[in-house]
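# Structural features, examined
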Amino acid sequence: MKVPAYKLLKKIVKEREVCLLELYEMLPKKFGDYRDLMPLAFLCSEGYLQHGWTSSNGEEHTNSYLLASIF
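Residues numbered from 1 in each chain as written. Predicted model: local features only at pLDDT ≥ 70, side-chain atom pairs only at ≥ 80, totals over all residues. Heavy atoms only, no water.

### Focus on the environment of D36
The criterion, for reference: Helix numbering and strand numbering both begin at the N terminus, where a helix is a DSSP run of H or I of at least 4 residues and a strand a DSSP run of E of at least 2. Relative accessibility under 20% of the residue-type maximum defines a buried residue, over 50% an exposed one, and the middle range a partly exposed one, all with a 1.4 Å probe and only protein chains included. Two residues form a contact once any of their heavy atoms are found within 4.5 Å. Nitrogen and oxygen atoms within 3.5 Å of one another constitute a polar contact, given that in protein one can donate a hydrogen and the other can accept it, and given that sequence-neighbouring residues count only through two side-chain atoms.
Tracing the backbone shows D36 in the loop between α2 (20-26) and α3 (38-45). For D36, a relative accessible area of 6% gives the class buried. Distance in space between the C-alpha atoms of D36 and S69 is 9.9 Å, their sequence separation being 33 residues. D36 has contacts with L27, P28, K29, K30 and F31, leaving out every residue within four places of it along the chain. Separated by 3.1 Å, the side chain of D36 and the backbone nitrogen of K30 make a polar contact.

### Structural notes on the nonpolar core
Here is the rule we go by: Definition of nonpolar core: a set of buried residues of the types Ala, Val, Leu, Ile, Met, Phe, Trp, Tyr and Cys, connected through side-chain atoms within 4.5 Å.
Core analysis: the largest hydrophobic core is formed by 14 residues, its most contacted members being L8, I12, L23, L40, L43 and L49. Going through the elements one at a time, α1 (4-15), α3 and α4 (64-70) are the ones with two or more residues in this core. No other element matches α3, which puts four residues into this core. Not counting the four nearest positions on each side in its chain, L8 is found in contact with L23, M26, L27, P39, L40 and L43.

### Observations concerning the side chain of D36
Selection rule: In this tally, Asp and Glu contribute negative charge and Lys and Arg positive charge; neither His nor the terminal groups of the chain are included. By definition, a salt bridge exists where a carboxyl oxygen of Asp or Glu is found within 4 Å of a side-chain nitrogen of Lys or Arg.
Among buried Asp, Glu, Lys and Arg side chains, D36 stands out as unpaired, with R35 the closest opposite charge at 6.5 Å. A polar atom in the side chain of D36 sits 2.7 Å from the backbone nitrogen of G32.

### Re a nonpolar patch on the surface
To be explicit about the condition: Surface patches are drawn from residues lacking salt bridges whose relative accessible area is over 30%; two like charges belong together within 9 Å, two nonpolar side chains (Val, Leu, Ile, Met, Phe, Trp, Tyr) within 5 Å. In short, Shrake-Rupley with a 1.4 Å probe defines the accessible areas, and a residue's cover is counted only from the protein chains shown.
Residues L20, W53, L66 and I70 make up a contiguous nonpolar surface patch of about 300 Å² in total accessible area. Under the relative-accessibility criterion, L66 is labelled partly exposed at 34%.

### Quick look at the pattern of salt bridges
Counted according to the given criterion, the structure contains three salt bridges. A salt bridge links E15 to K11; its shortest N-O distance comes to 2.8 Å. With E15 and K11 both in helix α1 and four residues apart, the pair spans about one turn of that helix. Classification of E15 by relative accessible area gives partly exposed; the value is 37%. Counted as one network, the salt bridges with shared partners bring together K11, E15 and E22.

Taken by themselves, the reported measurements are silent on function.
Structure, rendered in structure tokens:
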């Protein structure tokens, strides 16, 4: 099965806490920009992963494109 988000989630469940760099290295690099990080951003925006990035008014970012560009 070639589903990058599933592989990331599997590793996180196994280890409970994973460095962002480790997850980045697991992702296939097809575009060389923020689009390569979309599987990780999707997991965060859908609530599968917790992240600490918030907007200036204190709300969590839930937009996948914005999270991917932050990563």
